[in-house]
Amino acid sequence: MEEREVTLAEVLDARERRVWIQNELIRKYDCPVISFTMNIAGPVKVTALTVRAFEKGMRMLQKALQEAEITVNKEYRISEHTGYEAFLSVQADAKRVKDICVEIEESIDIGRLFDMDVLGTDGVKLDRKKERSCIVCGREGRYCASRRIHSAAEVASAMHKLLQTHFLQEDEERTAEQAVCAMIEEVCTTPKPGLVDRNNNGSHEDMDIPLFVRSALSLKPYLQTCFRLGYEYRDEPAAMTFPHLRNAGLEAEKTMYEATSGVNTHKGALFHFGLLTGAAGRLWHAEGTYDLTEITDTVSAFTETVLGRELKELKEVHTTGEKLYREYGITGARGEAMEGYPSVREIAMPVFVRALEAGHDRNEAGALALLQLIAGTTDTNMIRRGGKALADEASSKAQALADKEKVSEQDLLDLDEYFIENHLSPGGCADLLAVTYFLYDLTRG
Ligand SMILES: [Zn+2]
């Protein structure tokens, strides 16, 4: 977004235009008018953050008017670098409308920057019952403003900080929520070969959907922490963030085991989502939008040095993943992270997107993406449970299906039966499906 300084002449012109629009709306409809502008100090009035705040204020205003069953005769907007403005002619008593506006201004922190003026049919602005406090020091009333206690730069900086804090927090919560939703959507995707789904509990006796949901929900605070860590260490080399994310992950594992009474539901997902939310935090910017490659590249930058070195220096073998790396050079979940999720970018995501475009719903598209993942990747969970030979056979079966022109639901149900009979569960692929859901929503939302 281009940020431009406004001149005094432009500010005066904008004010004159505002008065003209207000009067026109009153003349035409003979109803009170809400005039919504942002109260922004300093010469730059329009930034990504002020626009986000304005749009949020508009949504709150429209919702409040709807809930109060107030009819809007006309809504008129101006989006210029002198500031975003909205004018609403409303069919209601001006005092009642003013109360609604003040309530919005006081309901959230950034409401401090909303100027929702209400003009009666006589064109006179209604007063606020209570003056607002100073944005820099919090002193009540207009004391600081009227005496110019703080410099314009100080006031502008306090406003910027308020906006930044608000939207960073909002995005942190939203990103963690998207990750939790992706995990829940993954477990609900049906049919999935050998995995817990809505038809059955697959090759598992100790897990079901409610357990996965409880587990996913327990991880939300941790995912917020990872986002925050990514943001806080954004100016350091990416590899320096990894130890912090890993420490948070160890804590989260305890929380998960508490939520599931000792069942490993999301250890793999936890690894991926800690890194991905951390990457989102590192890349955070005011618009709150993300690019797929930037996110996966960042995960790669977090992990490649540390994990690469650990694998190379591996002496004692503790986990299945380490054993498989030693024996077959299979890098599993670690490898996916280090290389920036090639299986998601090159296998699952293209299948998922094409299936959606072809008219499949998310469940069907997800099931097809999972099939391609089972066919095209090496899942350490499958090898752990059934040995390398059986895991390879299962992958070939999946591959044969994936090669078909059209995969039917019955095909997938048959594959599910085969996986259950052989006690196989492609948990690593399921994690990558959850990652696919998450990255799709994060980068297209
Ligand atoms: Zn003050």
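Cut-offs applied
Residues numbered from 1 in each chain as written. Predicted model: local features only at pLDDT ≥ 70, side-chain atom pairs only at ≥ 80, totals over all residues. Helix = DSSP H or I, 4+ residues; strand = E, 2+ residues; numbered from the N terminus. Buried ≥ 20, exposed ≤ 12 C-beta atoms within 10 Å, placed from the backbone. Contact = placed C-beta atoms within 7 Å. Pairing = 2+ DSSP bridges. Axes fitted to C-alpha atoms, helices over the stretch in contact; angles between N-to-C directions. Parallel < 35°, antiparallel > 145°, perpendicular 65-115°, else oblique. Left-handed = near helix turned anticlockwise from the far one by under 90°. Nonpolar A, V, L, I, M, F, W, Y, C, P; charged D, E, K, R; others polar. Domains from an automatic or database assignment. Expected span 1.5 Å × (residues − 1). Core = buried A, V, L, I, M, F, W, Y, C linked by C-beta atoms within 7 Å.

When its secondary structure is counted, the protein shows 17 helices and 4 strands. For the protein, the residues scored as buried account for 41% of the 445 residues in total. Residue pairs in contact within the protein that sit at least 24 positions apart in sequence constitute 72% of those at least 6 positions apart.

On to the sheet that holds strand β1 (residues 33-38), then. If you walk across this open sheet you meet the 4 strands as β2-β3-β1-β4, and the pairing is antiparallel. This sheet does not close on itself; its edge strands, each paired only once, are β2 (71-80) and β4 (114-119). Averaged over all adjacent pairs, the angle separating strand axes in this sheet is 15°, with direction ignored. In this sheet, strand β3 (residues 83-91) lies alongside β2 in antiparallel orientation, the contact comprising 9 bridges. Residue pairing in the sheet places I78 in a bridge with E85 of β3. Those strands touched by helix α1 (residues 8-29) are β1, β2, β3 and β4, and its axis lies near 15° from that of β3. Against the sheet, helix α2 (residues 48-67) touches β1, β2, β3 and β4, its axis set at about 155° to β1.

The element β3 is extensively covered by neighbouring structure, given that 7 of its 9 residues are classed as buried. Hairpin connection of β2 to β3: 2 residues between the antiparallel strands.

All right, on to unusual backbone geometry then. A cis geometry characterises the amide bond from T190 onward to P191, with omega recorded as -5°. Here P191 shows up in the loop between α5 (152-188) and α6 (209-218). Despite not being glycine, D30 has its phi angle at roughly 55°, a positive value. For D30, the position within the fold is in the loop between α1 and β1.

Where helix α7 (residues 220-232) contacts helix α9 (residues 267-282), the two axes come as close as 6 Å, and the packing angle between them is 40°. Taken as axis vectors, α7 and α9 run oblique relative to one another. Our pair here, α7 against α9, has a crossing hand that is right-handed. Together, L223, C226, F227, R228, L229, G230 and Y231 of α7 and F273, G274, T277, G278, A279, A280, G281 and R282 of α9 make up the contact between the two elements. Considered class by class, the residues forming the contact of α7 with α9 number 8 nonpolar, 5 polar and 2 charged.

Let's shift gears to the domain arrangement of the protein. In terms of domains, the protein is made up of domain 1 (8-130) and domain 2 (168-444). The straight-line distance from the C-alpha centre of domain 1 to that of domain 2 is 46 Å.

The next thing to look at is α7. For α7, built from 13 residues, the straight-helix expectation of 18 Å at 1.5 Å per residue is met to within 8% by its first-to-last C-alpha distance of 18 Å. For α7, the complete set of buried residues consists of Y222, L223, Q224, T225, C226, F227, R228, L229 and G230. Taken together, the buried residues of α7 touch α5, α8 (242-259) and α9.

Attention now moves to helix α3 (residues 94-107). Spanning 14 residues, α3 covers 20 Å between terminal C-alpha atoms, matching the ideal 20 Å at 1.5 Å per step. Where α3 is buried, its residues contact β1, α2, β3 and β4.

As a further point, take the environment of R385. By the element assignment, R385 lies in helix α15 (residues 380-402). Residues R385 and N422, 37 residues apart in the sequence, show an inter-C-alpha distance of 9.1 Å. Not counting chain neighbours up to four residues away, the residues in contact with R385 comprise H423, L424 and S425.

Note that F242 resides in helix α8. Residues within four places of F242 in sequence aside, it is in contact with F302, T303 and V306.

Our next topic: the packing of α5 against α7. For the pair α5 and α7, interaxial distance at closest approach is 9 Å and the crossing angle is 130°. Comparing the axis directions of α5 and α7 gives the class oblique. Relative to α7, the crossing made by α5 is right-handed. The segment α5 lies against α7, with L168, E172, E173, T175, A176, E177, A179 and V180 engaging K220, L223, Q224, F227, R228 and Y231.

Moving on, we get to the nonpolar core. Considering soluble globular proteins, one finds that nonpolar side chains tend to be buried as a cluster. Residues L276, A348 and L433 are the most contacted members of the largest nonpolar core, which totals 77 residues. Among residues more than four places away in sequence, those in contact with A348 are S343, A369, Q372, L373, L432, L433 and T436. In terms of nonpolar packing, the next biggest core, distinct from the first, is built from 33 residues, F36, M38, V46 and V155 among them.

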